[in-house]
Amino acid sequence: MKVVIFGGTGLVGKATVRQALDSNHEVTLLVRDAKKVNIQHHNLTLIEGNVMNSHDVNKALQGQEAVIQTLGYNGKGNGKPTTFTTDATRIIIEEMKKTGVTRLIAMSVVGAGNSIAFLPKIFTKVILPYFMKWFVYIIDDKNQLEPLVANSGLDWTLVRSITVKDSPKQGKIHSTLDGKGLKLSVAVGDVAMFLVNQLTDKTFLKQAPTICKA
């Protein structure tokens with residue numbers, strides 16, 4: 001499948017690019033500086049540009065069949081309110097409609113939408129507001145992103161991730177729509193595997209599973 005990945009230079013993005021290539025997909029990656037991409041593969045196409053520029057996004061979408069959006073905040077971000085992933089995804093959706101690309105797989109986080117109920121009350125009432133204010137801003141961004149994706153008219157899947165660890169891939173993952181069996185972390189390679197699997201697996205079409213280690 002021909003897939004464009006936005007956010008392919010971050011922790012999850014890099015793993016997703018590798019996983020997609022290993023799964024024999026043709027990958028296009030929109031990056032600010034192609035020289036900073038250290039992956040070389042005959043099925044990888046690099047396009048220099050900015051995800052906040054509609055022309056660049058449209059160029060990357062030409063001839064594609066699907067989109068994986070793994071845009072992030074470089075860890076904790078800058079500790080200030082942000083709408084970065086919402087604003088970028090709005091542009092991606094608009095350009096997808098113009099180019100006729102219908103499949104969108106987008107990263108979200110546990111705590112967004114109804115998944116806030118999956119977290120312990122001590123976390124949501126004490127830890128988040130007093131010790132992890134930066135994560136509150138990320139959740140706020142994703143709370144704007146999720147309805148934007150869900151109401152896009154596209155064939156979407158929102159993937160809500162728990163804490164992503166740069167740890168060895170297990171090769172299996174737990175996914176839940178109701179929060180049951182939720183663990184506290186997941187390996188980055190397993191996140192990438194799940195995202196890429198959604199290209200051909202329609203189990204979670206127009207749904208928002210939360211994923212963690214099995």
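Everything below is about the structure printed above this text.
To start, this report covers the structure provided alongside it. Source: prediction; values computed, not measured. Residue numbers restart at each chain and count upward from 1, following the sequence in its written direction. Side-chain atom pairs in this predicted model are given and counted only at pLDDT of 80 or more, local residue features only at pLDDT of at least 70, and totals for whole chains, interfaces and linings cover all residues. Water and hydrogen atoms play no part in the side-chain values, which are based on all heavy atoms of the structure.

If you walk across this open sheet you meet the eight strands as E3-E2-E1-E4-E5-E6-E10-E8, and the pairing is mixed. Each edge of the open sheet carries a strand with a single partner, namely strand E3 (44-48) and strand E8 (173-176). Going from strand to strand, the sheet's axes swing by 25° on average, the running direction of each strand aside. When strand E4 (residues 66-69) meets strand E5 (residues 103-109), the two strands line up parallel, connected through four bridges. Across the sheet, residue isoleucine 68 finds its bridge partner in E5, namely isoleucine 105. Relative to the sheet, helix H1 (residues 11-22) contacts strand E1 (2-6), strand E2 (26-31), E3 and E4, its axis offset from that of E2 by approximately 160°. Note on contacts: a residue pair is in contact if any heavy atoms of the two residues lie within 4.5 Å. Geometry is summarised by axes, namely lines fitted to C-alpha atoms with helices restricted to the contacting stretch, and by angles between N-to-C directions that run from 0 to 180 degrees. Runs of E in the DSSP output that reach at least two residues are strands. Runs of H or I that reach at least four are helices, and both are numbered from the N terminus. The sheet strands contacting helix H6 (residues 188-197) are E4, E5, strand E6 (155-161), E8 and strand E10 (210-213), and the helix crosses E8 at an angle near 60°. In this analysis, strands are considered paired if DSSP registers two or more bridges between them.

Phi at asparagine 24 is positive, roughly 70°, even though this residue is not glycine. Taking relative accessible area as the criterion, asparagine 24 reaches 62% and is therefore assigned exposed. Non-glycine residue lysine 206 carries a positive phi angle of around 60°. On the basis of relative accessibility, which here comes to 45%, the residue lysine 206 falls in the partly exposed class. Relative accessibility under 20% of the residue-type maximum defines a buried residue, over 50% an exposed one, and the middle range a partly exposed one, all with a 1.4 Å probe and only protein chains included.

That is the geometry; function is a separate question.
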